[in-house]
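Read off the chains here:
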Amino acid sequence: MTRNEERFETKVIHEGYDSKDHLGSLATPLFQTSTFTFDSAEQGERRFAGEEEGYVYSRLGNPTVRVLEERIAALEGGEMGLAFGSGMAAVSAVLTALTKANDHILCSQGLYGCTFGLLTMMKEKYGITHDFSLMASEEEVHSRIQPNTAVIYIETPINPTMKLIDLDMVVRVAKTYNIPVVVDNTFSSPYLQRPIELGCDIVLHSATKYIGGHGDLVAGLVVGKQAFMKEVAMTTQKDIGGIIAPFDAWLLLRGLKTLPVRMDRHCDNAEKIAQALAEHPSIKAVYYPGDPDHPDAKVRAKQMKAGGGVIAFDIHGSKKEAQKLLNSLEFIKIAVSLGDTESLIQHPATMTHAVVPEHARRQMGINDELIRLSVGLEAWEDIWSDLSQALDHVLPQYADHTSHSI
Ligand SMILES: *Cc1c(COP(=O)(O)O)cnc(C)c1O
């Protein structure tokens, strides 16, 4: 069996590293160094001229980081990977590489708050405009393309409303115009969804979330075709410089090894919590892609292995009740971020999406009563007890004394 035929669960552990090359070290060595020495001045000249392979300086490449980059490329089914110091460093490196002044970016309706901030900045500084599209049909995507559209930028599932976009459908339209499709795959991880296999061009991640998985670092990853990725490496990565620290790359390699096992549990727990929430009288609506009645369930079945670990829900109430609910929890932590072992809860309208102007926020479906929960790896029964005691405390008029006892 060749390395290429190995399954995902094997690649997360072995891809890009052979202990035989490193004195038998089972764990990938941590090359905690800024620079690399040359044997001679002539060797330095050859390395800078690109005539000889080898490391030069850690902003241009580092052996620990390289293992991570090879591993993520294999996991996403792409040609080349690059690691960054944050998800936003990855997003900005990709969007800067793909656009020039006065271009246009077509985006999914609903984006990570800081991605929205970056697009606003690009518009103000460089005249790079953007539009939001529901991307609900081929006709709609066609109708939103402009002569200067340089990128189609998609989040699916959309944060935090958990709507899905049919990637295969968008790719069909994009190919007719030769416009690259970029997917922020943070919410799914490559274990649940692999956009490149569906024809998308570039996949990026906030590796801070599921890929790291333990809430102890901030990092970003990008995978795409070799020619484009080399361009990013030599321009927006090298010259803007949002690189990852070797130690964070080392932690990500450690986190990745358990990604499939963790994702299975995140998804199982989230399915159970989503169902319990849907049956609770104080909940107005639940948004979870793994729900068989989710409006995009067919798209989910086509492109995702399972529904993921993030749930959003509307309570019967407003901002006041939403905040009180968060304050009434016992062990579920009030925090942004997601994909950690701990269950994390947040209020998008005043936290992750506070930078989005109110009209745009409401257009995205982010109301004051919307709450986002990243379901952790604790026993689901304990997560539900904590949630249901808080709901009954905040909204006693809806308290359900029958269904939530387990
Ligand atoms: C967190 C996040 C980002 C930004 O990543 P950082 O690592 O925080 O810079 C981008 N996209 C999505 C969907 C995210 O959840």
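This part takes up the overall build of the chain. Each helix and strand counted, the chain has 15 helices and 12 strands in total. Once the C-alpha set of the chain is aligned to its principal axes, its extents read approximately 80 × 55 × 40 Å. Expressed as a percentage of the 406 residues in the chain, the buried residues total 54%. Within the chain, residue pairs in contact and separated by at least 24 positions form 72% of the contacts whose partners lie at least 6 positions apart. Across the chain, the mean location of the 38 positive side-chain charges is 2 Å away from that of the 53 negative side-chain charges.

Turning to the packing of helix H4 (residues 87-98) against helix H9 (residues 226-237), a few remarks are in order. Two elements in contact, H4 and H9, have axes whose closest approach is 10 Å; the angle formed by their N-to-C orientations is 105°. In terms of axis orientation, H4 runs roughly perpendicular to H9. Contacts between H4 and H9 involve Ala93, Val94, Thr96, Ala97 and Leu98 from the first element and Phe228, Glu231, Val232 and Thr236 from the second. Each residue belonging to the contact of H4 with H9 can be placed in one class, and the counts come to six nonpolar, two polar and one charged.

With that settled, the discussion passes to the pairing of strand E3 (residues 129-133). With five bridges joining them, strand E2 (residues 104-108) and E3 adopt parallel strand pairing. Residue pairing for E3: Ser108 is matched across the bridge by Ser133. This β-α-β element, E2 to helix H5 (residues 113-126) to E3, shows right-handed connectivity.

It is worth spelling out the site of the ligand at this point. In the region of the ligand, the neighbouring residues are Ser86, Gly87, Met88, Tyr112, Asp184, Thr186, Phe187, Ser206, Thr208, Lys209, Val218 and Ala219. Measuring from an oxygen atom of the ligand, one finds a backbone N or O atom of Met88 at 2.8 Å. Here Ser206 contributes a side-chain N or O atom positioned 2.8 Å from an oxygen atom of the ligand. Considered on its own, the ligand offers 380 Å² of accessible surface; in the complex 92% of this is hidden by protein.

The biggest cluster of nonpolar side chains holds 73 residues, and the ones touching the most others in it are Leu68, Leu95, Ile105 and Tyr153. Residue contributions to this core peak at eight residues, all from H4. Taken domain by domain, the makeup of this core includes at least three residues from each of domain 1 (3-30 + 61-256) and domain 2 (260-404). Discounting residues that sit within four places of it in the chain, Leu68 has contacts with Ala83, Leu221, Ile244, Ala249, Leu252, Leu253 and Leu256. Core analysis: the second largest hydrophobic core is formed by 28 residues, Ile283, Leu326, Leu391 and Leu395 among them.

Attention now goes to the side chain of Asp386. The topology assignment puts Asp386 in helix H15 (residues 380-394). Despite being buried, Asp386 has no salt bridge partner; Lys333 is the closest side chain of opposite charge, sitting 7.8 Å away. Other than its neighbours up to four places away in sequence, Asp386 contacts Leu329, Glu330, Phe331 and Ile332.

This part takes up the domain arrangement of the chain. How big an interface is tends to be stated in terms of accessible area lost as the parts join. Under the domain assignment, the chain is made up of domain 1 (3-30 + 61-256) and domain 2 (260-404). Here domain 1 and domain 2 have C-alpha centroids that lie 25 Å from each other. Of the residues lining the interface, 39 residues belong to domain 1; the matching set on domain 2 comes to 41 residues. Interface area for domain 1 against domain 2, summed over the two sides, is near 3,200 Å², with a carbon-plus-sulfur share of 63%. Our count for the domain 1 to domain 2 interface comes out at two salt bridges. Lys302 is the partner of Asp168 in a salt bridge, and the nearest nitrogen-oxygen pair spans 4.0 Å. Our count for the domain 1 to domain 2 interface comes out at 15 residue pairs in polar contact (both at pLDDT 80 or more). Here the residues of the side of domain 1 that touches domain 2 sort into 19 nonpolar, 15 polar and five charged.

Below, the discussion takes up the sheet that holds E3. Strand order in the open sheet formed by seven strands is E1-E7-E6-E5-E4-E2-E3, and the pairing between neighbours is mixed. Looking at the sheet topology across the chains shown, the edges are occupied by strand E1 (80-84) and E3. Across the sheet, the axes of successive neighbouring strands diverge by a mean angle of 20°, strand direction being ignored. Where helix H3 (residues 63-76) meets the sheet, its contacts fall on E1, strand E6 (202-206) and strand E7 (220-224), and the angle it forms with E1 comes to roughly 125°.

This part takes up the environment of Glu45. The residue Glu45 is located in helix H2 (residues 41-48) in this model. Considered as a pair, Glu45 and His280 are 235 residues apart in the sequence and their alpha carbons are 68 Å apart.

Right, let's talk about the environment of Val310 for a bit. The residue Val310 is located in strand E9 (residues 310-315) in this model. Judged by its relative accessible area of 2%, Val310 falls in the buried class. As a C-alpha pair, Val310 and Gly290 span 20 residues in sequence and 9.8 Å in three-dimensional space.

What counts as what
Residues numbered from 1 in each chain as written. Predicted model: local features only at pLDDT ≥ 70, side-chain atom pairs only at ≥ 80, totals over all residues. Heavy atoms only, no water. Helix = DSSP H or I, 4+ residues; strand = E, 2+ residues; numbered from the N terminus. Buried < 20%, exposed > 50% of the residue type's maximum accessible area, 1.4 Å probe, protein only. Contact = heavy atoms within 4.5 Å. Lys, Arg positive; Asp, Glu negative; His and termini not counted. Charge placed at Lys NZ, Arg CZ, Asp CG, Glu CD. Axes fitted to C-alpha atoms, helices over the stretch in contact; angles between N-to-C directions. Parallel < 35°, antiparallel > 145°, perpendicular 65-115°, else oblique. Nonpolar A, V, L, I, M, F, W, Y, C, P; charged D, E, K, R; others polar. Pairing = 2+ DSSP bridges. Right-handed = clockwise from strand over helix to strand, strands pointing away. Near = heavy atom within 4 Å. Polar contact = N/O pair within 3.5 Å; in protein donor to acceptor, adjacent residues only side chain to side chain. Areas by Shrake-Rupley, 256 points an atom, 1.4 Å probe, with all protein chains shown as cover. Core = buried A, V, L, I, M, F, W, Y, C linked by side-chain atoms within 4.5 Å. Domains from an automatic or database assignment. Salt bridge = Lys/Arg side-chain N within 4 Å of Asp/Glu carboxyl O. Buried area = accessible area lost by both parts, 1.4 Å probe.

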